[in-house]
Amino acid sequence: MITIKKPEQFERMARAGLAVAAVHRAVRRAAKPGVTTHQLDTIAAEVLKEHGCVPSFLNYHGFPATICTSPNDVIVHGIPNDVPLEEGDVLSVDAGAIFERYHADAAITFGVGVVAPEVRQLIDSTEEAMWAGIKAVEPGARIGDIGAAVQAVGDRHGYGIVQEYVGHGIGLNMHEKPNVPNFGRAGSGMKLREGMAICIEPMFNLGTHETFVEEDQWTVRTADGSMSAHWEHTVALTPDGVRVLTAQPELQADLWGTG
Ligand code: MG
């Protein structure tokens, strides 16, 4: 875990964050029935290059692509492939970028065309849980406050809250201490302080919380085949307050009043 002290360090992470936001925007726009996740991966690589960034995921422990594309019952770490997307698919896209050694990491989930109402609810509630977790972030708050806020949303809907995969610190590495679980007790765990940056990333399943890893050793699916959603942002505790570094630029202006 690094403690970020200099404004220029935050600015590098913010540049990486803007690149990740641009990837999500481009990929979401391109994800139509008939398009493959391999094509989305190519788009993501181009966008990162345009932003002067290097992908965090490519070759990370041997991961073979720029983004993770996780359709339907795939929770996380799906590998882009040549299977065309279909109307009604749910797709989660996880992307990470490095700008001058600093990382940012975020995920979105969306429907390809129209999805079933209960799936729409799952996607929206997982995003809501992420924002509830982000709202709990402030100097002096604890990791358990984030987990409790995320879990409260998942429990309210009776979703399976994935436990094996969790949020994390971020900085000079994509994954740093501390772990940031999507469940927990308010008031417990490490205290947050200025200079930290963490990724908050709830994964909720329509069925049980149980998972399994495919033979490719990457693809994580729900054990019961139910649909899954995943949202993530990189959040930094800066001297000017809490910044969501991977939010879309227009949303960042709303979040902390700058342009
Ligand atoms: Mg992450």
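Heads up: the structure comes first, above all this text.
Residues numbered from 1 in each chain as written. Predicted model: local features only at pLDDT ≥ 70, side-chain atom pairs only at ≥ 80, totals over all residues. Heavy atoms only, no water.

### Comments concerning the nonpolar core
Step number 1: I146, L192 and I200 are the most contacted members of the largest nonpolar core, which has 56 residues in total.
Step number 2: Mapped onto this core, the elements with two or more residues apiece are helix 1 (7–30), helix 2 (37–50), strand 4 (90–99), strand 5 (102–111), helix 3 (117–135), helix 4 (143–157), strand 9 (197–200) and strand 14 (233–238).
Step number 3: Apart from the residues lying within four places of it in its own chain, the contact partners of I200 are M130, G133, I134, V137, I146, V150, V180, W231, E232, H233 and V235.
Step number 4: Counting 11 residues, the second largest nonpolar core, distinct from the first, contains I4, I170, A236 and L245. (Core = buried A, V, L, I, M, F, W, Y, C linked by side-chain atoms within 4.5 Å. Buried < 20%, exposed > 50% of the residue type's maximum accessible area, 1.4 Å probe, protein only. Helix = DSSP H or I, 4+ residues; strand = E, 2+ residues; numbered from the N terminus. Contact = heavy atoms within 4.5 Å.)

### Some words on the pairing of strand 14
Step number 1: By the criterion of burial, strand 14 is predominantly enclosed, with 6 of the 6 residues buried.
Step number 2: Both faces of strand 14 are covered, namely the face carrying H233, V235 and L237 and the face carrying T234, A236 and T238.
Step number 3: Examined bridge by bridge, strand 9 and strand 14 share 4 bridges and lie antiparallel to one another. The partner of I198 across the bridge, within strand 14, is V235. (Pairing = 2+ DSSP bridges.)

### Observations concerning unusual backbone geometry
Step number 1: Following K177, the chain continues to P178 via a peptide bond in cis, the omega torsion being 0°.
Step number 2: The residue P178 is located in strand 8 (residues 176–180) in this model.
Step number 3: The backbone phi angle of N59 is positive, close to 75°, even though this residue is not glycine.
Step number 4: Within the secondary structure layout, N59 lies in the loop between strand 1 (54–55) and strand 2 (67–71).

### Section: the sheet that holds strand 8
Step number 1: Read across the open sheet, the 5 strands follow the order 8-7-9-14-15; overall the sheet is antiparallel. Strands with a single pairing partner mark the edges of an open sheet, and in this sheet they are strand 8 and strand 15 (241–244). For this sheet, the mean inter-axis angle between neighbouring strands, taken without regard to orientation, is 25°.
Step number 2: Looking at chain direction, strand 7 (residues 167–169) and strand 9 are connected through 2 bridges and run antiparallel. Across the sheet, H168 pairs through a bridge with C199, a residue of strand 9.
Step number 3: The sheet strands contacting helix 1 are strand 9, strand 14 and strand 15, and the helix crosses strand 14 at an angle near 165°. (Axes fitted to C-alpha atoms, helices over the stretch in contact; angles between N-to-C directions.)

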